[in-house]
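# Summary of structural features
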Protein chains: 2
Amino acid sequence: MNELEEGSRLQLDFGKLVKVAANAPDVLPVAVQNVDTGEVILVAYVNELALRSAIESRKAVFWSTSRKELWEKGKTSGEMFDLVEVRVNCEQNSLVYRVRPQRGNICHTKNKAGEPRNCYYRRLDFETGELDLLDP
Amino acid sequence: MNELEEGSRLQLDFGKLVKVAANAPDVLPVAVQNVDTGEVILVAYVNELALRSAIESRKAVFWSTSRKELWEKGKTSGEMFDLVEVRVNCEQNSLVYRVRPQRGNICHTKNKAGEPRNCYYRRLDFETGELDLLDP
């Protein structure tokens, strides 16, 4: 078991954003929402190229801030997401992608049935401070 | 009219994240969702203090990366948000706050009726590349 990804211990990576900014100084966060269920399924990053590519392909395309390349979601896994709508916030410094899955969920982790999850499958227990797994 | 906030021209601030990381090197992005409607209403940032404060107060508390201080949403405006749930992603580097408004919406901008909007009130038109105002 990958403790970070499957465990109940909260160990937030507060160093992430500094790494993102160092690796990819020209990205914005994008909240990704399933347009049919309303579920928030991912927060990722886009730069201008990724946004343009997403609009042209009408697919959920991001910028991988670790690999420093276009991240065409599902290109290898098969779980692709149609881009239905892009929303922009007041200050034009974040986005919402409203998407529709062609097949399965968006996360690279899998539940016990072997199916991809969506990324927010853990809920913080306010009393214990531990994480409850919602899609084991 | 504030062109950045009200206008139809897409002028994304791709320099935002570098500023965030420089001002607040220990924050993570949080997508804020209305738990009743499913609407994504804001993307903001939290550090450890803001998260702890949010959990203790059961309110939507963020870290203001510009003012470098706790941002207790609604403390001055009156639009407060009860914190119903916190979700954590696979890699523990982003959050979702599921919230319930006590009164109005979350954005600092207002529509023509003088009421606060939610932040994603503009949709990108895929054909023209312009922004459509959904809550004028």
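For the structure, check the block above.
What comes next is a walk through the structure. (Residues numbered from 1 in each chain as written. Chains lettered and ligands numbered in written order. Predicted model: local features only at pLDDT ≥ 70, side-chain atom pairs only at ≥ 80, totals over all residues. Heavy atoms only, no water.)

### Quick look at the relation of the copies chain B and chain A
Mapping between the two chain copies consists of a rotation about an axis together with a translation along that axis. In the superposition of chain B on chain A (RMSD 0.0 Å, axial shift 0.0 Å), the rotation amounts to 180°. Here the symmetry operator amounts to a two-fold rotation axis. Minimal C-alpha distance to the rotation axis in chain B is attained by Gly38 of chain B, lying at 2.5 Å. (Least-squares fit on C-alpha atoms with pLDDT ≥ 70 in both.)

### Thoughts on the packing of aromatic side chains
Residues and elements named next belong to chain B. Applying the stated criterion to the full structure yields four aromatic pairs over all chains. Their ring planes at 50° and their centres at 5.1 Å tell us that Phe62 and Trp71 sit as a pair that is tilted. Ring centres 5.5 Å apart and planes at 25° place the aromatic pair Phe62 and Tyr97 in the stacked group. Highlighted residues: Phe62 in strand 3 (residues 61-64) and Tyr97 in strand 6 (residues 95-101), separated in sequence by 35 residues. The same class applies to Phe62 and to Tyr97, which are both buried. (Phe/Tyr/Trp six-rings, centres within 6.5 Å; stacked < 30°, edge-to-face > 60°. Helix = DSSP H or I, 4+ residues; strand = E, 2+ residues; numbered from the N terminus. Buried < 20%, exposed > 50% of the residue type's maximum accessible area, 1.4 Å probe, protein only.)

### Looking at the sheet that holds strand 1 (residues 28-34) of chain B
Sheets are built from strands that pair by backbone hydrogen bonding, the pairs being arranged parallel or antiparallel. Reading across from one edge, 8(A)-7(A)-5(B)-6(B)-1(B)-2(B) is the order of the six strands in this open sheet, with mixed pairing throughout. With one partner strand each, in any of the chains shown, strand 8 (131-133) of chain A together with strand 2 (40-46) of chain B form the two edges of the open sheet. Adjacent strand axes in the sheet meet at a mean angle of 30°, parallel and antiparallel pairs treated alike. Where strand 7 (residues 122-124) of chain A lies against strand 8 of chain A, three bridges are found, and the strand directions are antiparallel. Paired with Arg123 of chain A across the bridge in strand 8 of chain A is Asp132 of chain A. (Pairing = 2+ DSSP bridges. Axes fitted to C-alpha atoms, helices over the stretch in contact; angles between N-to-C directions.)

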